[in-house]
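Observations on the three-dimensional arrangement
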Amino acid sequence: MGKSRARRFRRAPFAPAGPEPRRPAGEGGAAEEPAAELLEQLQHPSAEVREYACASISKLLQQKHVIPAFLQRDVVRCLGPLLMDHSLAVRETAAGALRNLSACGGFEVCDDMVTKDIMTPLVALLKECSTGLDANQLSPKKRRERSKNYVEDIANEAINLLWNVCECNNTAVHIFNKEGCLEAVLHYMKKYSTNVDLAISVANCLQAVTEDNPDLLSSFNASAQQILETVMLCPDSTMKHVLLRTLIAGTTWNIKDTIPPSSVGSMVNAILKIFSESLTIDAGEMIIRMNEAEKNRLKLAAEAETEEGMSDVIDNCVLSEDDAMEEIPKGKVRRENDISDLLPSDKWELNEVTALLMAQQTALEIIVNMCCSEDPSDDEWEELSSSDESDLFMENTYDEGSGLLMSPLCLSDEVNSAFLNNLIPKKILEKTAFPNSVALDICMHNPSWKPLIKKLSVVQCRALTCLHSILLMSDVDCLGGASALQSLAQHLSQLVFSKTELPTDTEFLEAITSALRALLQTMASKNISQCMTPEQLLALCEAGIHSSNASVRVNVVSILGISGSVLAKGQDTAETLKMIGKFLLEVAMKESSLVVAGEALDALFDVFADGEEAEKAAVQIKLLPALKEFQPVFKMRMRKEGKRQFSTDQLCVLNNVKMNLRRFIAYQETLGKTLA
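The following paragraphs examine the structure supplied in this document.

The rules behind the values
Residues numbered from 1 in each chain as written. Predicted model: local features only at pLDDT ≥ 70, side-chain atom pairs only at ≥ 80, totals over all residues. Heavy atoms only, no water. Core = buried A, V, L, I, M, F, W, Y, C linked by side-chain atoms within 4.5 Å. Buried < 20%, exposed > 50% of the residue type's maximum accessible area, 1.4 Å probe, protein only. Helix = DSSP H or I, 4+ residues; strand = E, 2+ residues; numbered from the N terminus. Contact = heavy atoms within 4.5 Å. Phe/Tyr/Trp six-rings, centres within 6.5 Å; stacked < 30°, edge-to-face > 60°. Polar contact = N/O pair within 3.5 Å; in protein donor to acceptor, adjacent residues only side chain to side chain. Lys, Arg positive; Asp, Glu negative; His and termini not counted. Salt bridge = Lys/Arg side-chain N within 4 Å of Asp/Glu carboxyl O.

1. Examining the nonpolar core
Residues I57, F70, L79, M189, L244, F275 and L492 are the most contacted members of the largest nonpolar core, which totals 161 residues. Of all the elements, helix α18 (residues 348-371) adds the most residues to this core, at 13 residues. Residue contacts for F70: discarding those within four places in its chain leaves A35, L38, L39, I57, L60, L61 and V75. In this structure, V556, I621, A626 and F634 belong to the second largest nonpolar core, which totals 44 residues.

Below is the structure:
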């Protein structure tokens, strides 16, 4: 049903975290405490009991099935006032519990939190912590002696809570704007050189609140922009700093309308330079190198402990560095665990790889958004991409006179030039390859590193989605010409067919079929010969059509339509066209999704629109009688399902398909009479 549209990405709320409960003497295990009893303990006169209750709730809230029990007992209103508790430890654990509730509860829970006025104490806490940052300055010596910085740790939990609710709720964003939270949040960013974890949390929050928020733009004065620029120019080479620079580059892109026109080109180039530096790093090699470094560090630490006769051996790197170094105040009991925001600090090497992969994923997602910055609002994208009928189709994609693909959306000169100067297409292509097999093996055999496999896969999928967007937005010459596109087609086909079985992962299938669809569209529009055989395409489509994801099914029938229309112009292709025609007819008639059925009909129109081979194949598969019989069924489905299930845009496209079906049948009837 026309040219596919580039997908936009929204950042997902961050994973839950927070300190483990510290158990006062005589108390039972937190997991055994009922919600009612823990919430009652929040009112206890002892700060230690309140802290323990908050930490216990924080831990329990990471289990989604217990969240309803806490919500029924009004956990938000119970925890909210503790954000301003006179005990700093209670503030931190209360903020951590609310952060976990927002991260694990999802959109509805975040909406409920805002409705129950969590923003009032949260904003007050953020402003108080911001003021306390300067008063809490420590000399480097004292900082080493006292690893626990309550103000910054509380701020980190609070910023993550703010990030999650603003990501999910527009009212929270409005309050952020109205209460002037930007100044306080940017004040935290100044700590990037001494507390990069806090800075990363702030950068994530900034990226969320600046996306599609024109009311906030006026707050980004020269001073605010200077803070962002300083962070972007930060020379530190750790992967956490790479992630920080990448996130701030994304924020800078979001506020591009505040940049003077004369500086837009240099701004875009600076952003893409940061992305290019991030994407240049080989994550597979980094995994191999960091895993070896971890082994050496643990070996040296074990040897040192043995020599010193220490009794505390390394217990699988569970304790955080902060916990290990913490000076215990009088009257306090050491925490059993103190989990840091990303990963325990003594998993520094794993932490570095995780930061790199997050940086690369972020860079690729922002590049996708840069390619479709003129697209509809995010609300439209959320509505369409979150349902099974997630493909948004464009009108007027094909010039009816020439049949050539048009490109109504294209990259601006500044973005296109910066893309090429920073070798962005090349870097993206490199990331579409399968991860390093040695690195994968390391992750497979190390439980702590195993989650990296999914992160590697996500980066590959984002790169394929990036490729899809660039193919839609760039002209052939910028992509390297016909030979480059043919090489790209071979590369993508190798990704699909290099293994004994076709891929089944839904996210990968959606990404690879979207990229293939855009590539074949581009090649067809320029009459560039396609490298994939009809047999390969049919095999891919057979696999894709059984996917539970409607976007994958839409992509594969569109791919067949594009390839079939090219074949129809050739010689001796009738047999292949028959196979394609039968496949598309079956999809149109049996597909549960009306959008996919409409795409299959549209593909049939393209394949059998013209050409002797197409006419011959159409007669042999009895295309005309099949479509005449199906026409009333399609009309009936549109009446029953249309207004109830689909957006205005989708209904418009489906109505065009219905009209084109009538015209195509009339055309086939006229053609039959002429042949007779």
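After that view of the structure, there is still more to cover.
2. Overview of the packing of aromatic side chains
Centre distance and the angle of the planes are the two values used to describe a pair of aromatic rings. As enumerated under the stated definition, the model contains 4 aromatic pairs in all. Relative to F664, the ring of F605 lies with its centre 5.1 Å away and its plane at 35 degrees, an arrangement referred to as tilted. One end of the pair, F605, is in helix α29 (residues 594-607); the other, F664, is in helix α32 (residues 648-675), and 59 residues separate them in sequence. Overall, F605 belongs to the buried group, its relative accessible area being 8%. A residue is classified by how much of its surface remains accessible, and F664, at 7% relative accessible area, is buried. Residues F630 and F634 carry aromatic rings whose centres are separated by 6.0 Å and whose planes lie at 45 degrees to one another, so their mutual orientation is tilted. With F630 and F634 both in helix α31 (residues 623-645) and 4 residues apart, this pair spans about one turn of that helix. Its relative accessible area of 5% is what places F630 among the buried residues. Take F634: its relative accessible area is 0%, and that puts it in the buried class.

3. Focus on the side chain of T251
Note that T251 resides in helix α14 (residues 239-254). A relative accessible area of 0% places T251 in the buried class. What T251 contacts, discounting residues up to four positions off in sequence, is A203, L206, Q207, T210 and L228.

4. A look at the environment of S498
Relative to the elements of secondary structure, S498 occurs in the loop between α24 (481-497) and α25 (506-525). Discounting chain neighbours no more than four positions away, the residues touching S498 are F434 and S493. Of the polar contacts made by the side chain of S498, one reaches the backbone oxygen of Q494; its length is 2.8 Å.

5. Some remarks on the side chain of K427
Within the secondary structure, K427 sits in helix α21 (residues 424-431). Salt bridges are absent for the buried K427, whose nearest opposite-charge side chain, E430, sits at 6.2 Å. One polar contact links K427 to T280, side chain to side chain, over a distance of 2.9 Å. If we skip the residues at most four places from it in the chain, K427 touches S276, L279, T280 and N422.

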